[in-house]
Amino acid sequence: MSRAYKISLRQRTKHGLRASDEVGTALELLEILPPERMADLLAQELKRRGFVQKGDKLLRTEKGGVTVEIDPKSADVIVQVECEKTVTLEAERQTWTESPAGSAQNAARKAMKEELQRDLQRKAEQQKAELQKRATDRLEAQLSDLRKELDQAVNRVTAEALKEKAAKLGQIKQISEDAQTGSLTIILEV
Amino acid sequence: MKAVSLFEYNLLRVLRGVVTQASPSQILPMLAKPGQRPLCLSADAVSLVQDILAKGMVRWLARHGWANDRYLRDGVAVAGRLWERTPPELLGLKFSRWTLEFLLQLMSNTLGSKKPQAVELELGDRLVFLHAFQALRGDERAERLQNHWPAISSDGLCRLFFVEELIDAKTLTRIDWSPWLTEQGAAILESMQSALADRWEQLEIRKQTFRDVVKVRQVGASQTRVLGEFLNAIDAVHRRDLARCLLDAGRRVMRDQPAARRWIGNLDIKRERIADRVLIYRDALAFVHALERLRTWNEEASQVGYFDDGYAASQLWKADWERFDGEATTNHAAEILRKARPM
């Protein structure tokens, strides 16, 4: 009577997973004043909104670890997010052979080990995909509000630049701003 | 009376079908059973080939070049039909031995056994290749043609007509625009303006049905490259009037004020990173992006004064701009691109 011998293999691995996402754009600033002055006004406005100077750039960290980096000289904006996670993955396989030792058993073990590794690889990729989705969702959640805020910042910088320009052209008699519509009226005596 | 062999008879029928743009159902059956290539063609067969090319190509050019229009000649706008703007003796097409060689290889299923160098090809040869690819488009033989006859992928006019089909593989094929920027080549390009606009409009309509992100990216990359190089090439020889096809196609595509979702609405990109979505949108909207360059050209044309060089060319450009609603077209294109940005 032949016997069946059970081979059981278990493998555990630790993976450091990383996911990131980013999007870039450029603020559309009109050249009302020379570029350096426009850059200064933009930097001042951004600092007023919580951006911090880091080298040539201005940085702010949003909810969910999203960071916004703006270069006031070029008006380039980069919004990025990074996520990291360490996961421990386990997989187990079992099979049966007809002999307790020998080449058939070795071959069975080798095949099982390869299957286990593929299994673990699949699980790691799945985890990475979930982490990536989380990173992208976090970034996406911030974009809409950030776009509105940056539009407002650009409008304010434009208004300040117009006031400065107007002051150079003549004497400002009256300035009225409509916060709701964002319109600005400057009456000037030249 | 002329006598030809069976192989020559089939070759002549295929050539006639290719040149007269017969339906593929008339041409493909003759290619289905390739024959043994003869050592040479008979004098009668060669004479008939010449006759088909002479009549067929002239008829094709006349059909496309009959419209009364204005194009630049030495920086000045000249009006008339194709053969009125350019003297007929300068429009005569030359064909090298490579037309016959191409047909022999096609009929004997030995494409690529000998390949021409670009300098050996005449404009007539290039037009035959274009017609052949057009006739086989959609069939597996077109792919064989693309893979084994590099003269097609490297030809500028073929790349303009077959943006979707002639996708670059991993290595980029150098595109040769120079034959179409000679006096004769540019005259042929003038007569192709409406046909090119038709082709690009149809492609933008077809892109609305694309669901495969990989295909969208490939076609978009091809469009970006081909249209970009084409505009660079005609700009370098001061022939911006040859971009009329793009103005025309742009007007047709933007006529009903489409939204960006027309190009990206069918794509499943929820699982893509935002960084990758930006690239996918860029490729999907490659045609719309190309229209931005035309706005820049219009701004430049508006600044050319009466006594400046290029005044006549700038006036022709401005007339085309108005004729094809350039302002409305490019405004709407800019709006689409603005709304497609993730932020």
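Residues numbered from 1 in each chain as written. Chains lettered and ligands numbered in written order. Predicted model: local features only at pLDDT ≥ 70, side-chain atom pairs only at ≥ 80, totals over all residues.

### Some points on the overall build of chain B
- Assigned secondary structure in chain B consists of 19 helices and two strands.
- Computed over C-alpha atoms, the radius of gyration of chain B comes to 22 Å, within 12% of the 20 Å expected from 2.2 N^0.38 for 343 residues, which places it in the range of a compact globule.
- Expressed as a percentage of its 343 residues, the buried residues of chain B come to 37%.
- Summarising the internal contacts of chain B: among those between residues at least 6 apart in sequence, 75% fall at separations of at least 24. (Helix = DSSP H or I, 4+ residues; strand = E, 2+ residues; numbered from the N terminus. Rg over C-alpha atoms; globule rule 2.2 N^0.38 Å. Buried ≥ 20, exposed ≤ 12 C-beta atoms within 10 Å, placed from the backbone. Contact = placed C-beta atoms within 7 Å.)

### Comments concerning the overall build of chain A
- Within chain A one finds two helices and seven strands.
- Here chain A has a C-alpha radius of gyration of 30 Å; the compact-globule value for 190 residues is 16 Å, and the former is much larger.
- Principal-axis analysis of the C-alpha atoms gives chain A an extent of 110 × 30 × 20 Å.
- When burial is assessed residue by residue, chain A has 12% of its 190 residues classed as buried.
- Counting contacts in chain A only where the partners sit at least 6 residues apart, residues at least 24 apart contribute 67% of the total.

### As for the pairing of strand 1 (residues 69-73) of chain B
- As paired strands, strand 1 of chain B and strand 2 (residues 76-80) of chain B are joined by five bridges and run antiparallel to one another. Paired with Arg70(B) across the bridge in strand 2 of chain B is Ala79(B). (Pairing = 2+ DSSP bridges.)

### Brief notes about the environment of Val18(B)
Residue and element names in this part refer to chain B.
- Along the chain, the position of valine 18 falls in helix 1 (residues 6-19).
- Judged by local crowding, valine 18 falls into the buried class, with 23 C-beta atoms found within 10 Å.
- Along the backbone, valine 18 and glutamine 134 are 116 residues apart, and their C-alpha atoms lie at a distance of 8.1 Å.
- Setting aside residues no more than four positions away along its own chain, valine 18 makes contact with Ile27, His131, Ala132 and Ala135.

### Some points on the packing of helix 7 (residues 123-136) of chain B against helix 8 (residues 140-148) of chain B
All names here are of chain B.
- Interaxial distance between helix 7 and helix 8 falls to 8 Å at its minimum, and their mutual angle equals 145 degrees. Side by side, helix 7 and helix 8 meet where Ala132, Phe133 and Leu136 of the first sit next to Arg141, Ala142 and Leu145 of the second.
- In the contact of helix 7 with helix 8, the residues fall into five nonpolar, no polar and one charged. (Axes fitted to C-alpha atoms, helices over the stretch in contact; angles between N-to-C directions. Nonpolar A, V, L, I, M, F, W, Y, C, P; charged D, E, K, R; others polar.)

### Quick notes on the interface of chain A and chain B
- Contacts between the two partners involve twelve residues from chain A, matched on the other side by seven residues from chain B.
- Of all the secondary structure elements, the ones that give two or more residues to the side of chain A that touches chain B are strand 1 (5-26) and helix 2 (103-169) of chain A.
- The biggest single contributor to the side of chain A that touches chain B is helix 2 of chain A, with seven residues.

### Describing the sheet that holds strand 1 of chain A
Residue and element names in this part refer to chain A.
- The antiparallel open sheet is built from five strands, whose spatial order is 1-5-4-3-2. Of all the strands in the sheet, the pair left with one neighbour each is strand 1 and strand 2 (52-54). The mean angle between the axes of side-by-side strands here comes to 30 degrees, regardless of whether they run parallel or antiparallel.
- Examined bridge by bridge, strand 1 and strand 5 (residues 76-97) share 22 bridges and lie antiparallel to one another. Residue leucine 9 lies in a different strand from strand 5, and its bridge partner there is arginine 93.

### Structural notes on the packing of helix 13 (residues 213-236) of chain B against helix 16 (residues 274-284) of chain B
All names here are of chain B.
- Packing of helix 13 against helix 16 brings their axes to within 7 Å, and their N-to-C directions diverge by 55 degrees. Classified by the angle between their axes, helix 13 and helix 16 sit oblique to one another. Read as a crossing pair, helix 13 and helix 16 show a hand that is left-handed. Contacts from Val213, Val216, Arg217, Gly220 and Ala221 of helix 13 reach helix 16 at Ile280, Asp283 and Ala284.
- Per-class residue counts for the contact of helix 13 with helix 16 are five nonpolar, one polar and two charged. (Parallel < 35°, antiparallel > 145°, perpendicular 65-115°, else oblique. Left-handed = near helix turned anticlockwise from the far one by under 90°.)

### Overview of helix 1 (residues 35-48) of chain A
Residue and element names in this part refer to chain A.
- The end-to-end C-alpha separation of helix 1 is 20 Å, in line with the 20 Å expected for 14 residues at 1.5 Å each.
- When helix 1 is considered as a whole, its buried residues turn out to be Met38, Leu41, Leu42, Ala43 and Leu46.
- Packed against the buried residues of helix 1 are strand 3 (57-61), strand 4 (67-71) and helix 2.
- Within two residues after helix 1, glycine 50 carries a phi angle of roughly 95 degrees, on the positive side. (Expected span 1.5 Å × (residues − 1).)

### Quick word on the nonpolar core
Residues and elements named next belong to chain B.
- Counting residues in each nonpolar core, the largest one holds 85 residues, and the members touching the most others are Phe129, Ala132, Phe133 and Cys158.
- Tallying contributions element by element places helix 7 first for this core, with eight residues.
- Contact partners of phenylalanine 129, with chain neighbours within four places excluded, come to Phe102, Trp149, Ala151, Ile152, Asp155 and Cys158. (Core = buried A, V, L, I, M, F, W, Y, C linked by C-beta atoms within 7 Å.)

### Things to note about the environment of Met107(B)
- Assignment of secondary structure puts Met107(B) in helix 6 (residues 97-107).
- Between the alpha carbons of Met107(B) and Met30(B) there is a distance of 8.2 Å; along the sequence they are 77 residues apart.

### Some details on the domain arrangement of chain B
Residues and elements named next belong to chain B.
- Segmentation of chain B into domains returns domain 1 (1-191) and domain 2 (194-343).
- In this structure, domain 1 and domain 2 have C-alpha centres spaced 28 Å apart.
- At the junction of the two partners, domain 1 supplies 21 residues and domain 2 supplies 21 residues.
- Mapped by element, the contributors of at least two residues to the side of domain 1 that touches domain 2 are strand 1, strand 2, helix 10 (156-161) and helix 11 (183-191).
- Across the side of domain 1 that touches domain 2, the residue classes break down as 13 nonpolar, three polar and five charged. (Domains from an automatic or database assignment.)

### Section: helix 18 (residues 311-323) of chain B
Residues and elements named next belong to chain B.
- Between its terminal C-alpha atoms helix 18 stretches 18 Å, which fits the 18 Å expected from 13 residues at 1.5 Å a residue.
- Taken residue by residue, helix 18 has Ser314, Leu316, Trp317, Asp320 and Trp321 as its buried positions. Within helix 18, the buried residues cover an arc of 160 degrees as seen down the axis, which keeps them to one side. Facing away from the buried surface of helix 18 by more than 90 degrees, the exposed residues are Glu322 and Arg323.
- Its buried side turned inward, helix 18 meets strand 1, strand 2, helix 14 (244-254), helix 17 (286-302) and helix 19 (326-340).
- Backbone geometry just after helix 18 places aspartate 325 at a positive phi near 50 degrees. (Arc of directions from axis to C-beta.)

### Remarks on unusual backbone geometry
- For Ala75(A), which is not a glycine, the phi torsion comes out positive at approximately 65 degrees.
- Topologically, Ala75(A) is positioned in the loop between strand 4 and strand 5.
- With a phi angle near 55 degrees, His238(B) is a residue other than glycine that sits in the positive phi range.
- Take His238(B): it is sitting in the loop between helix 13 and helix 14.
- Given 13 C-beta atoms within 10 Å, His238(B) falls into the partly exposed group.

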